[in-house]
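Per-entry structural report
Each chain, written out:
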Amino acid sequence: GDYFDSFESDGKLWLLIGDVLGHGVSAGLIMMMVQTAVRALVQRAASERQPLSPGQLLTLVNRALWRNLQLIGKGQYMTMTVLCIDESGFYYSGLHQHILLYRANQKTTEEIESHGSWIGLLDEIEGVNEDRRVEFSSGDVLMLYTDELIEAKLRSVESRTAVPEGL
């Protein structure tokens, strides 16, 4: 159910990261629907020369998918954060894992909290996903991750501390 996508449009780099509730065919179907909706909406905005922010994109994707998610059932939803990167920083919106930004000049890592609503949780999320801006400098490094990174680390720790059978 982990989702990652990146593409350029209108001189900006769009990065999307998220996680669909559940596994299997329905999670894969939802990821494909999200990716198709995202790319179509960004392309349309660029061709019509209409500005589009990450928060607006999330609202439009939710509107496009709400009905289909209800048809799939099982209370399906998806966490997602959208970033739109330009020369000096990025705008972001949505609710997923925190964003990590290594600041090269200070040699520190900044944890940037995500805010907003998930896709498919509510029928309308306009105004819920606020756009925020983060500036960066040359050498700064952005890190995005899903819960699979955390779960893999936990599985690794559990396997090293497991008690052998028969003890």
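Up top is the structure.
Summarised in this report is the structure supplied together with it. (Residues numbered from 1 in each chain as written. Predicted model: local features only at pLDDT ≥ 70, side-chain atom pairs only at ≥ 80, totals over all residues. Heavy atoms only, no water.)

Before going further, it helps to spend a moment on the sheet that holds strand β7 (residues 132-135). Hydrogen bonds between backbone atoms are what pair the strands of a sheet, whose relative direction is either parallel or antiparallel. Taken together, 5 strands build an open sheet; the order of strands is β1-β2-β3-β4-β7 and the sheet is antiparallel. Each of the sheet's edge strands pairs with one partner strand only, and the pair in question is β1 (2-9) and β7. If you compare each strand with its neighbour and ignore which way they point, the axes differ by 20° on average. Sheet analysis places β1 next to strand β2 (residues 12-20), joined by 8 bridges and oriented antiparallel. Within β2, the position partnered with D2 by the bridge is D19. Seen against the sheet, helix α1 (residues 24-47) touches β1, β2 and β3 (78-85) and runs at an angle of roughly 15° to β1. (Pairing = 2+ DSSP bridges. Helix = DSSP H or I, 4+ residues; strand = E, 2+ residues; numbered from the N terminus. Axes fitted to C-alpha atoms, helices over the stretch in contact; angles between N-to-C directions. Contact = heavy atoms within 4.5 Å.)

Helix length check: α1 (24 residues) gives 35 Å between terminal C-alpha atoms against 34 Å at 1.5 Å per residue, within 8%. Burial in α1 covers these residues: S26, A27, I30, M31, M33, V34, A37, V38, L41, V42, A45 and A46. Packed against the buried residues of α1 are β1, β2, α2 (54-72) and β3. Directly beyond the C-terminal end of α1, a positive phi value near 55° is found at R49. (Expected span 1.5 Å × (residues − 1). Buried < 20%, exposed > 50% of the residue type's maximum accessible area, 1.4 Å probe, protein only.)

Below, the discussion takes up the pattern of salt bridges. Side chains that differ in charge, positive against negative, can pair when their charged atoms come close. Per the stated rule, a full pass over the model turns up 8 salt bridges. Residue D86 pairs with R133 through a salt bridge whose shortest N-O separation is 3.0 Å. With D86 in the loop between β3 and β4 (89-95) and R133 in strand β7, the pair connects residues that are 47 residues apart, well separated along the chain. For D86, a relative accessible area of 21% puts it in the partly exposed group. On the accessibility criterion, R133 (27% relative accessible area) is partly exposed. R132 is paired through a salt bridge with E130; the nearest N and O atoms lie 3.8 Å apart. You can call R132 partly exposed: its relative accessible area is 28%. What makes E130 partly exposed here is its relative accessible area of 49%. It is possible to trace a salt-bridge network through shared partners that takes in R63, E124 and E126. (Salt bridge = Lys/Arg side-chain N within 4 Å of Asp/Glu carboxyl O.)

This brings us to the environment of A64. Of note, A64 is situated in helix α2. When its relative accessible area of 46% is taken as the criterion, A64 is described as partly exposed.

Read from one edge to the other, the open sheet built from 3 strands follows the order β6-β5-β8, with strand pairing classed as antiparallel. Two strands close off the open sheet at either side, each with one partner strand: β6 (108-112) and β8 (141-143). Direction aside, the axes of adjacent strands within the sheet are offset by 20° on average. Bridge count between strand β5 (residues 99-103) and β6: 5 bridges; the pairing is antiparallel. Across the sheet, the residue bridging to R103 is T108, located in β6.

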